[in-house]
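Examining the three-dimensional arrangement
One letter stands for each residue in the lines below.
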Amino acid sequence: RCKGPCEGLQSLEEYQQNISEIKEILRGNISQISKHLYEEMQSLAAELKFEEAQKIKEKYEVIENYRSKSTVVTPMLHNIDVFTIIENDHSAYVTFMHIGNGAIVQAYTFEYKKRLDETKEELLSLGIIEMRNRFKSTAREIIVPFKLDMQLENVTFTIPQRGDKKKLVDLVMKNAQTAHEQKFEMVFRKEKDLDLANQMLERIFHAPIHRIECFDNSHISGSYNVSGLVVFKDGKPDKSSYRHYKLDGYRSDIDSMKEVLYRRYFRLLKESKSMPDLLIVYGGAQQIAAAKEIREMLELDLRIVGLVKDDKHTTRALMNDAFEEIPLERESSLFFLLTRIQDEVHRFAISYHRKLRDKGM
């Protein structure tokens, strides 16, 4: 933890010693740090500085606990890279681990999209080169699950059949399989949730909802007043359609909403572009009334819905353009989709606001 060197609460020498020790921990050289702390603890105790010795003891115990959890094989295995691969019809998952003093120092799994029916040997060879370059690895031994037709200068390839090295291969293979399973589970869950959310929207509005647009405003006491528009198609963000709007001078949120809605939909009409299936305004009855005013002014065929918040500013319901509330179940797929849209439009609007504010300041 920071000891406040920039406040003069820590000497330069002690600060540099801390940095040096942190680097050793990240390299996996934990035993040296542990030994140093133990010796410092014993020295302080011998000088009857028990309070200071107790603080060092707490650090020592943290380091020892970390070392016991991160050590997976004998500390005799040092500076070794381990690679494995699993594949399906479309992708391959290459997992890399770097071992230092028997502990996992680095671990990374990445996905290759198959393009030219590459073999697993070719893909694993590509992964080895890429990962060693990315992590600046200088390991002289690389452990792999099968023979590869590749050579690296001053590097030995090992295909273990038993012992600690085989244990490492099995561990890395397990990581690769876990990453592969999680990817497919996540994709399946997202697609399933999106389908359910779209079905719920269709039931609410009695029509398919493919394109959703949502606006949010951001300002500080009227300064750097901006609005952001995000677009979701079939439940997925269409970032190429996002838009920023810069508003001159101070105006209320309602007036700001009227202006950006007019600018947006007047332009779509002028350019003969299609309207969204649903407009979400980041607010309740007042924002809906503002949106209806622009709809009537431009004679738009546009469904409008607002977000009703509770006292904790969490969305609890939708409100249609007849100002009727539509309850939302907090565990429903539609609730999570609307939450994602809200988070995205808020992020998009406020990031533009901050950019203008920082530039102005």
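Residues numbered from 1 in each chain as written. Predicted model: local features only at pLDDT ≥ 70, side-chain atom pairs only at ≥ 80, totals over all residues. Heavy atoms only, no water.

A word on the nonpolar core. By size, the foremost hydrophobic cluster in this structure holds 25 residues, and its most contacted members are Leu201, Ile212, Val230, Leu278, Ile280 and Ile341. At the level of elements, helix H5 (163-205), strand E6 (211-220), strand E7 (223-233), strand E10 (278-281), strand E11 (304-309) and helix H8 (333-360) are the ones that each hand at least two residues to this core. The greatest single-element share of this core, amounting to seven residues, is contributed by H8. Among residues more than four places away in sequence, those in contact with Ile280 are Ile212, Glu213, Cys214, Phe215, Val305, Leu307, Leu338 and Ile341. Counting residues in hydrophobic clusters, the runner-up holds 23 residues, among them Met257, Met275, Leu298 and Ala317. (Core = buried A, V, L, I, M, F, W, Y, C linked by side-chain atoms within 4.5 Å. Buried < 20%, exposed > 50% of the residue type's maximum accessible area, 1.4 Å probe, protein only. Helix = DSSP H or I, 4+ residues; strand = E, 2+ residues; numbered from the N terminus. Contact = heavy atoms within 4.5 Å.)

What follows concerns helix H4 (residues 120-134). If you check H4, its first and last C-alpha atoms are 21 Å apart, about what 15 residues at 1.5 Å a residue would give, namely 21 Å. Every buried residue of H4 is listed here: Leu123, Leu124, Ser125, Gly127, Ile128, Met131 and Arg132. On the buried face of H4, the contacting elements are strand E1 (80-87), strand E2 (91-100), strand E3 (103-113), strand E4 (141-143) and strand E5 (156-158). Just beyond H4, the residue with positive phi is Lys136, at close to 55 degrees. (Expected span 1.5 Å × (residues − 1).)

Turning our eyes to something else, we now look at the sheet that holds E4. One open sheet holds the five strands; their spatial order is E3-E2-E1-E4-E5, and the pairing between them is mixed. The open sheet terminates on both sides in strands that have one partner only, identified here as E3 and E5. When the angles between neighbouring strand axes are averaged without regard to direction, this sheet yields 20 degrees. Of the pairings in the sheet, the one linking E2 to E3 comprises 10 bridges and is antiparallel in character. The residue of E3 that forms the bridge with Gly100 is Ala103. The sheet contacts of H4 involve E1, E2, E3, E4 and E5, and relative to E1 the element is tilted by about 140 degrees. (Pairing = 2+ DSSP bridges. Axes fitted to C-alpha atoms, helices over the stretch in contact; angles between N-to-C directions.)

One non-glycine residue with positive phi stands out, namely Glu299, at about 55 degrees. The phi dihedral of Phe323 falls on the positive side, at around 65 degrees, and the residue is not glycine. The exposure class of Phe323 is partly exposed, given its relative accessible area of 39%.

Attention shifts here to the state of the cysteines. Going through the model one piece at a time under the given rule, you end up with zero disulfides. Considering cysteine sulfurs only, Cys6 is the nearest to Cys2, which forms no disulfide, with 6.2 Å between them. (Disulfide = S-S within 2.5 Å.)

Here we take up the pairing of E2. A large share of E2 lies buried, amounting to 10 of its 10 residues. Going residue by residue along E2, you find Ser91, Tyr93, Thr95, Met97 and Ile99 tucked away on one face and Ala92, Val94, Phe96, His98 and Gly100 tucked away on the opposite face as well. Both E1 and E2 contribute to a ladder of eight bridges, which runs antiparallel. Looking at the pairing, Val82 lines up with Met97 of E2. If you look at the hairpin formed by E2 and E3, you'll find two residues sitting between the two strands, and Asn101 has a positive phi there, around 55 degrees.

With that out of the way, let us pick up the side chain of Ser34. Among the secondary structure elements, Ser34 is positioned in helix H2 (residues 30-46). Taking relative accessible area as the criterion, Ser34 reaches 3% and is therefore assigned buried. Beyond its immediate stretch of four places on either side in the chain, Ser34 contacts Tyr60, Ile63, Glu64 and Arg67.

Another aspect to go through is the pairing of strand E12 (residues 315-320). Most of E12 is tucked away: five of the six residues are buried. Relative to E12, E11 runs antiparallel, the two sharing five bridges. When the sheet's bridge partners are listed, Val308 is paired in E12 with Ala317. Bridge count for E12 against strand E13 (residues 325-327) is three bridges, and the pairing is antiparallel. Counted as the bridge partner of Met319 is Glu325 from E13.

Tracing the backbone shows Asp216 in strand E6. Other than its neighbours up to four places away in sequence, Asp216 contacts Val226, Ser227, Gly228, Tyr282, Val345, His346 and Ala349.

On the secondary structure map, Glu344 appears in helix H8. Between the C-alpha atoms of Glu344 and Leu229, which are 115 residues apart in sequence, the distance is 9.5 Å. When sequence neighbours within four positions are dropped, the list of residues in contact with Glu344 reads Val230, Phe232, Lys239 and Tyr242.

Between its first and last C-alpha, helix H6 (residues 253-270) extends 25 Å over 18 residues, near the 26 Å set by a 1.5 Å rise per residue. Within the span of H6, buried status applies to Ser256, Met257, Val260, Leu261, Arg264, Tyr265 and Leu268. For H6, the angular spread of the buried residues around the axis is 135 degrees, confining them to a single face. Among the exposed residues of H6, those pointing more than 90 degrees away from its buried face are Arg267 and Lys270. Note on H6: the residue one or two positions beyond its end, Ser272, has a positive phi of about 55 degrees. (Arc of directions from axis to C-beta.)

Worth remembering: the numbers are spatial, not functional.
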